[in-house]
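Below, each chain spelled out in residue letters.
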Amino acid sequence: QVQLVEYGGGLVQAGGSLSLACAATGLTFHDYTMAWFRQAPGNHREMVAAINGVGGDTYYDRSVRGRFTISRDNAKNTVYLQMNRLSPEDSAVYYCAADYADRIVSIHVAGYEYWGLGTQVTVSS
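Residues numbered from 1 in each chain as written. Predicted model: local features only at pLDDT ≥ 70, side-chain atom pairs only at ≥ 80, totals over all residues. Heavy atoms only, no water.

Caption draft 1: Just the overall build of the protein chain, in detail. The helix and strand tally for the protein chain stands at 0 helices and 11 strands. Shown N-terminal to C-terminal, the secondary structure of the protein chain runs as helices and strands in the order β-β-β-β-β-β-β-β-β-β-β. The globule rule puts the C-alpha radius of gyration for 125 residues at 14 Å, and the 13 Å found for the protein chain is close to it. Counting only C-alpha atoms, the protein chain reaches 40 × 30 × 25 Å along its principal axes. Each of the 125 residues in the protein chain was classed as buried or not, and the buried ones make up 46%. Accessible surface computed for the protein chain: about 6,400 Å², of which carbon and sulfur atoms make up 48%. Counting 9 positive and 11 negative side-chain charges, the protein chain places the averaged centre of each group 6 Å from the other. (Helix = DSSP H or I, 4+ residues; strand = E, 2+ residues; numbered from the N terminus. Rg over C-alpha atoms; globule rule 2.2 N^0.38 Å. Buried < 20%, exposed > 50% of the residue type's maximum accessible area, 1.4 Å probe, protein only. Areas by Shrake-Rupley, 256 points an atom, 1.4 Å probe, with all protein chains shown as cover. Lys, Arg positive; Asp, Glu negative; His and termini not counted. Charge placed at Lys NZ, Arg CZ, Asp CG, Glu CD.)

Written out as structure tokens, the structure is:
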């Protein structure tokens, strides 16, 4: 049974940093492209960043490019999201997702088979 569990959400002031982690079990981790999505109240769930199975290719939404960094440690079955220079617009529930693909194929919710339950990130102004 595949499980994705997110860690590291919380409350931070604007301009601050926060690091998220997602631990995966029940799958062959390096076979999966991993991604972070977020959903704010009233908004659709949108992709923030993705990383392919071996970690050599990444994708970032334009809203976070240059501020967020996605990485993975295949030995630990964990994907990370380092978030810097946070703004209130970054406040959302952040979800970890997995797609059985060796490259980044989709930036949409429908392209990912497995999901975590999410972790709340709140940025105060």
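Caption draft 2: Quick peek at the packing of aromatic side chains. Following the criterion strictly, the structure yields 5 aromatic pairs and no others. Here the aromatic rings of Phe-37 and Tyr-112 are separated by 5.4 Å at their centres, their planes lie at 75°, and the arrangement is edge-to-face. Remark: Tyr-112 occurs in the loop between β9 (92-99) and β10 (114-115) and Phe-37 occurs in strand β4 (residues 33-39); sequence separation between them is 75 residues. Phe-37 sits in the buried class, given a relative accessible area of 0%. The rings of Phe-37, Tyr-95, Tyr-112 and Trp-115 are connected pair by pair, giving a single aromatic cluster. Directly above the aromatic system of Trp-115 lies the positively charged group of Arg-45, at a separation of 5.0 Å from the ring centroid. Directly above the ring of Phe-29 sits Arg-72, whose terminal nitrogen or CZ lies 4.3 Å from the centroid. (Phe/Tyr/Trp six-rings, centres within 6.5 Å; stacked < 30°, edge-to-face > 60°. Lys NZ or Arg CZ within 6 Å of the ring centre and 35° of its normal.)

Caption draft 3: Quick look at the pairing of strand β11 (residues 119-124). By the alternation rule, side chains of β11 split into Thr-119, Val-121 and Val-123, which are all buried, and Gln-120, Thr-122 and Ser-124, of which none is buried. The pairing of strand β2 (residues 10-13) with β11 spans 4 bridges and is parallel. Note that in β11 the partner of Leu-11 across the bridge is Thr-122. Summarising the sheet, β9 and β11 pair through 3 bridges and their orientation is antiparallel. Each residue of the ladder has a partner; that of Val-93, found in β11, is Gln-120. (Pairing = 2+ DSSP bridges.)

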